[in-house]
Amino acid sequence: MSQSFFDQPILNSPYEPPARYHALDAEGQPLEQPPIEGRRPCDFITPVPKPKRRSTKAAQASLVFNDADGLTSEDQEYNPKPIINEIRSHVATWRALPSDRDWGVTPATARLLHYWRRTEVEGLRPFFCQVEAVETIIWLTEVARSQKRYAHLWAHIEAANKQSGPDLLRIAMKMATGAGKTTVMAMLIAWQAINAVRSPTSSHFSRGFLIVAPGITIRDRLRVLLPDDPDNYYRHRDLVPSDMLPEIGKAKVVITNYHAFKRRETMDVSKVGKALLQGRGEAPITIETEGQMLQRACGDLMALKHVVVINDEAHHCYEERPKGSVEDLADADTKAEAKENKEAARLWINGIKALKRKVGVRAVYDLSATPFFLAGSGYVEGTLFPWVVSDFSLMDAIECGIVKLPRVPVADNLPIADMPIYRKLWDHIGKEMPKKGAKKSEDLDPLKLPTELLTALDALYNHYVKVDEQWRRAGISVPPVFIVVCNNTSTSKLIYEYISGWDRPNADGELVNVHRGHLELFRNYDEHGQRIARAPTLLIDSAQLESGEALDTDFRKLAAAEIEQFRREKQERTGVAQDVDQIDDAELLREVMNTVGQVGRLGEQIRCVVSVSMLTEGWDANTVTHILGVRAFGTQLLCEQVVGRGLRRQSYELNEHGLFDVEYADVLGIPFDFTAKPVVVKPTPPKLVTRVQAVKERVTQRPELEIAFPRVEGYRVDLPDERLSATFTEDSRLIVSPEDIGPSRVTMSGIVGATEELTAQGVGDQRPSAIAYSLAAHLLKWFGDGSDGLPVHLFGQVRRIVREWLDGGYLVLKGVPMGVLDYLEIKDQAAERIFLACQRYEHGPKSIKAILDPYNPRSTSRHVNFTTSKDTYATDPRSSHVSHVVCDSTWEAELARVLETHPRVVAYVKNQGLGLEVPYRDGSTPRRYIPDMVVRLDDGRGPDDLLNLVLETKGYRKGDAQLKAETMKTLWVPGVNNLGTHGRWTFAEFTDAPLIESDFAALIDSLTNKEVA
């Protein structure tokens, strides 16, 4: 087995297509081989779910593409793997097309794709897997549908739907837990809505969306998809360009849980009351009609036509197998679970069908980490939905670092089985555990739990204690979380009491404390037998959430401050004032669960959660470190669903290699076949997270601390009527080496025989006059106004300037021929430098003006609010509006100290989370530059006319640093100053860390003396 698999499990950047993957055998175990180059094919090896049993009549057969319809038989059971791999290949080829004119999509779609694929943005941007999922839907809808060569792909999708759900067109995206399905939903809505507004007659798009979730918890969390939500993803996650936000505002988005599709009683009448109303006539109709149900559940969508449905956790939504069941349901618990699954799936799918009958459904997009048929579907549990078109598996997510790496038992000191006991714990304790409903839970004794279970709890808890100590030493204010997943309420209550303690009534009915609990950090009772104010252990189950069972009264009373905070948040969201007593216990319980690990919220200090079946899907706590499974896991489907509750990452900051650091989740009792080698790794706590934010109180006392700045989108240059000239500096120099173009000399050799050296000569005419002519003709585009007409009357002057640049030695060729200047990329870089040199020449005070964002022309430091795990420097309240400076290096802290001690500095702020971006071009590629600091200076004009200084610190100036500095000096600063509406601005760059203090003092003296003069 390759040790590198454990030394370096994360191979790929989360923002780039996976380029390497670990070599695994047919069972999904690592091989003693180095990582394989390329993208892992979609083949559903472990840990992707597999059916529990394979019968000949239920096995998935391969799909045969031997005719235009794609299907050889009506009874074909589909295997979508070949389709997924084929579609992935087509999408990759399509993605690589350099020009959006060749993409075959609408202009709005092309704009969104450019926006999502951009690389130079501040903060978290869409992961590659998120972009790929949306790209797949876009390609199938806008490209493949119109081309005959892809007809077999749509034939497969349509035929798969015909067999499994003939009334709807469903397309599923398989994405690992923690890969960000909510972001994908927002991107799909943006793509559909913007196109629907701009092309209202198109049959592909809609501006109406019904988002269906499996429960109230997820429904509430998905409110970020509402365009009018203050935290909506379109703006908050910067998923849509600012000029397209008005189109998003025209979208109608309704979010519901599938339970809303159940037709309700319209009259609260008893059975006797119904008989009285009926009398001798027909029975009164006391249940709402289908139309009334849809009006209640779908609201504004009923006024539209052909809406789009998006199913979250879509594996709960399916039709039963039309050819009859081939399931093998072994025990009573499995049969009961299958019945619940069947009823939920029928209600969900029938609700969508009803919507189609009333208003029409254009498409149904399914998102799930496990889009497989569940027990009760009639299919073998774990059979993949045949309409799945894209796959980013858990293994892919692990290799990209998007999720935690699960660790499972691989050896123990009791080798009585072929697998460690704690890998399949239920096999050893299942017969001793209580059956559902066998006894009243009050009669069960927590001390009589099987010893294997108690030992497993103890072993995992001991490791939890070590992790907790690591977190506390690191200064993490919230604890790690330990979850126990049980099979029924009897089991969960027993384990909950064993862990946290219990009360039993005496003969008089008084509750008497019997036991404090065996696991100290999880105890809900103190040494005096009294309930702890903030109980660290929580018991939940789905029935409790749905029925609204109350939390413990003491917990609710002692958490009054947090409840009041929740009331205020709910009032702000809904606009309706609510008394704290109107928040029912089920709602409060959901709030506790949704805020586990969040500072200052109800769930802040929860350490242990004991749950029936699985924790609520969509639960996004990222502090889970330990998982114990106490139930049967018939398929890997259940394993992945349960383990997925603990795989969400704690930190999303890249390390120095551009990858995520590995994070772990330790798992017992879940036969999750992933690794097979014992690995001893010390508990690694997450990095301490600091909130960096604008402090309102500082500006209240010192308004001058708030720093405002313009949001520049581009520049307008007015060509002079007089002679065109340029001023060349060191920043005008272009250095070209083999690193930029590839080797220019290559030695070729066979296994025997003579060697030969190949030498690159470049392309085009290498005479200086010919190069100057070609470069001058190319440079004219930079002086154009964007129209087709070029300023050809300037050609002579431009050619003269190009000759000055060449003759002045500003083109430096290191081991490459002169002909490389005819390569478009090199030519663009040369033209950019010459163009900026022309702007540096004084043409007049108003020759350059900045073009501002038409929707958000101005922003300020008041909007800074983010968290970081990097080192920070706490700012002086008298000098900065923002609480901290994020230290990417030691330079920032030293510079902050210098700024705070200089008497001419009125205010400063680090440009992180601030939003100050400078557009520039690297050759023909548009980019964004983010300077380091913004400083407000008193340069002698008094407090009403301060100078804004943009500062940059660079230890090593690469080629792009030249372009950034040149853009600031020649375009951004004069362009903003010429507007006359955003104050005075200047720019400076420091390149020597030890001299920052003296260099800054000299800079201030020069600026002040210049103003005095």
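Just so we're clear, the structure is a prediction, and the values are computed from it rather than from any experiment.

A. Spatial organisation of the overall build of the protein chain. Looking only at helices and strands, the protein chain has 29 helices and 34 strands in total. For the protein chain, buried positions account for 53% of its 1013 residues. Pairs at least 24 apart in sequence give 74% of the contacts found in the protein chain among residues at least 6 apart.

B. Seen up close, the nonpolar core. Counting residues in each nonpolar core, the largest one holds 103 residues, and the members touching the most others are Trp-116, Trp-139, Leu-188, Ile-211 and Tyr-365. When near neighbours in sequence (up to four residues on either side) are disregarded, Tyr-365 contacts Ile-137, Thr-141, Ile-171, Met-173, Leu-188, Trp-191, Gln-192, Val-308, Val-309, Ile-310 and Asn-311.

C. Just the sheet that holds strand β9 (residues 405-407), in detail. The strand order β9-β16-β15-β10-β14-β13 describes an open sheet built from six strands, whose pairing is parallel. Strands at the two margins of the open sheet, each flanked by one partner only, are β9 and β13 (537-540). Here the average twist between neighbouring strands, direction ignored, is 20°. The sheet strands contacting helix α15 (residues 451-473) are β9, β10 (481-486), β15 (624-630) and β16 (664-668), and the helix crosses β15 at an angle near 175°.

D. Inspection of helix α11 (residues 290-298) at higher detail. The set of residues buried in α11 consists of Met-293, Leu-294, Ala-297 and Cys-298. Each buried residue of α11 lies within a common arc of 100° when the element is viewed along its axis, so the set occupies one face. A positive backbone phi angle near 55° is found at Gly-299, which sits one or two residues after α11.

E. Spatial organisation of the packing of aromatic side chains. Inspection of every chain in the model, using the stated rule, returns 22 aromatic pairs. Each ring, one from Tyr-773 and one from Phe-795, has its centre 5.1 Å from the other, and the planes form 70°; the classification is edge-to-face. Taken together, the positions of Tyr-773 in helix α24 (residues 768-783) and Phe-795 in helix α25 (residues 795-807) put the pair 22 residues apart, joining distant regions of the chain. On the basis of relative accessible area, Tyr-773 is assigned to the partly exposed category, the value being 47%.

F. A look at the pattern of salt bridges. Evaluated as defined, the whole model comprises 38 salt bridges. Note that Arg-40 is salt-bridged to Asp-396, the shortest N-O span being 3.8 Å. Of this pair, Arg-40 sits in the loop between β2 (36-37) and α2 (81-95) while Asp-396 is found in helix α13 (residues 394-399), placing the two residues 356 residues apart along the sequence. The closest approach of N and O atoms between Glu-247 and Arg-198, which form a salt bridge, is 2.8 Å. Within this pair, whereas Glu-247 is found in helix α9 (residues 245-249), its partner Arg-198 is found in helix α6 (residues 181-198), the two being separated by 49 residues in sequence. Of the residues examined, Glu-247 reaches a relative accessible area of 11% and is grouped as buried. A relative accessible area of 41% means that Arg-198 is categorised as partly exposed. Ionic contacts of the salt-bridge type, sharing partners, join the residues Asp-468, Glu-469, Arg-472, Arg-473 and Arg-607 into one network.

G. Just the pairing of strand β6 (residues 307-312), in detail. Of all six residues in β6, six are buried, a share of seventy percent or more. Of the two faces of β6, both are covered, the one formed by Val-307, Val-309 and Asn-311 as well as the one formed by Val-308, Ile-310 and Asp-312. Where strand β4 (residues 208-213) meets β6, four bridges bridge the pair, whose relative direction is parallel. Considered in β6, the bridge of Ile-211 is made with Ile-310. Where β6 meets strand β7 (residues 361-368), six bridges bridge the pair, whose relative direction is parallel. Bridging across to β7, Val-307 finds its partner in Val-361.

H. Representation of the sheet that holds strand β33 (residues 947-953) in the model. A sheet is described by the order of its strands in space; here four strands give the open sequence β29-β32-β33-β34, paired in mixed fashion. The strands lining the two open edges of the sheet, one partner per strand, are β29 (905-910) and β34 (984-990). For this sheet, the mean angle separating the axes of adjacent strands, direction not counted, is 20°. Pairing analysis gives five bridges linking strand β32 (residues 933-937) to β33, with the strands arranged antiparallel. Along β33, the bridge assignment pairs Val-934 with Val-950. The strands touched by helix α27 (residues 890-901) within the sheet are β29, β32, β33 and β34, with β29 carrying the most contacts at an inclination of about 160°.

I. Broad picture of the confidence of the model for the protein chain. Across the protein chain, the average pLDDT comes to 78, with 77% of residues at or above 70. Note that residues 674-681 has pLDDT below 50 and, in this model, 26 contacts with residues that lie over four places away or in other chains. Note on residues 746-756: pLDDT under 50 across the span, and ten contacts to partners over four residues away in sequence or across chains.

J. View of the packing of α2 against helix α4 (residues 128-143). The N-to-C vectors of α2 and α4 enclose an angle of 95°; their axes lie 10 Å apart at closest approach. In terms of their interaxial angle, α2 and α4 are classed as roughly perpendicular. Within the contact between the two elements, α2 uses Ile-87, Arg-88, His-90, Val-91, Trp-94 and Arg-95 and α4 uses Phe-128, Glu-132, Glu-135, Thr-136, Ile-138, Trp-139, Leu-140 and Val-143. Residue composition of the contact of α2 with α4, by class: eight nonpolar, two polar and four charged.

K. View of the packing of α4 against α6. Two numbers describe how α4 lies on α6: the axes approach to 9 Å, and their chain directions differ by 35°. In the packing of α4 onto α6, the handedness of the crossing is right-handed. Residues Gln-130, Val-131, Ala-133, Val-134, Ile-137, Ile-138, Thr-141 and Glu-142 of α4 touch α6, and the partners they reach there are Thr-183, Val-184, Met-187, Leu-188, Trp-191 and Asn-195. Each residue belonging to the contact of α4 with α6 can be placed in one class, and the counts come to nine nonpolar, four polar and one charged.

L. Representation of the side chain of His-156 within the structure. Secondary-structure assignment places His-156 in helix α5 (residues 151-164). A distance of 3.0 Å separates the side chain of His-156 from the backbone oxygen of Pro-386, its partner in a polar contact.

M. Broad picture of the environment of Asp-999. Position of Asp-999 relative to the elements: it lies in helix α29 (residues 996-1012). Assessed through its relative accessible area of 28%, Asp-999 is described here as partly exposed. It is 9.8 Å that separates the C-alpha atoms of Asp-999 and Glu-989, two residues lying ten residues apart in sequence. Setting aside anything within four residues of it in sequence, one finds Asp-999 in contact with Phe-990 and Asp-992.

N. Examining the environment of Glu-290 more closely. The residue Glu-290 is located in helix α11 in this model. By relative accessible area, which is 25% here, Glu-290 ends up partly exposed. The spacing of Glu-290 and Lys-262 is 28 residues in sequence and 9.3 Å in space, taken between C-alpha atoms. Among the polar contacts made by the side chain of Glu-290, one reaches the side chain of Arg-357 at a distance of 2.7 Å.

O. Broad picture of unusual backbone geometry. Phi at His-306 takes a positive value of approximately 60°, unusual for a residue other than glycine. Despite not being glycine, Glu-313 has its phi angle at roughly 50°, a positive value. Mapping Glu-313 onto the fold places it in the loop between β6 and α12 (332-358).

Definitions and cut-offs
Residues numbered from 1 in each chain as written. Predicted model: local features only at pLDDT ≥ 70, side-chain atom pairs only at ≥ 80, totals over all residues. Heavy atoms only, no water. Helix = DSSP H or I, 4+ residues; strand = E, 2+ residues; numbered from the N terminus. Buried < 20%, exposed > 50% of the residue type's maximum accessible area, 1.4 Å probe, protein only. Contact = heavy atoms within 4.5 Å. Core = buried A, V, L, I, M, F, W, Y, C linked by side-chain atoms within 4.5 Å. Pairing = 2+ DSSP bridges. Axes fitted to C-alpha atoms, helices over the stretch in contact; angles between N-to-C directions. Arc of directions from axis to C-beta. Phe/Tyr/Trp six-rings, centres within 6.5 Å; stacked < 30°, edge-to-face > 60°. Salt bridge = Lys/Arg side-chain N within 4 Å of Asp/Glu carboxyl O. pLDDT = per-residue confidence, 0-100. Parallel < 35°, antiparallel > 145°, perpendicular 65-115°, else oblique. Nonpolar A, V, L, I, M, F, W, Y, C, P; charged D, E, K, R; others polar. Left-handed = near helix turned anticlockwise from the far one by under 90°. Polar contact = N/O pair within 3.5 Å; in protein donor to acceptor, adjacent residues only side chain to side chain.

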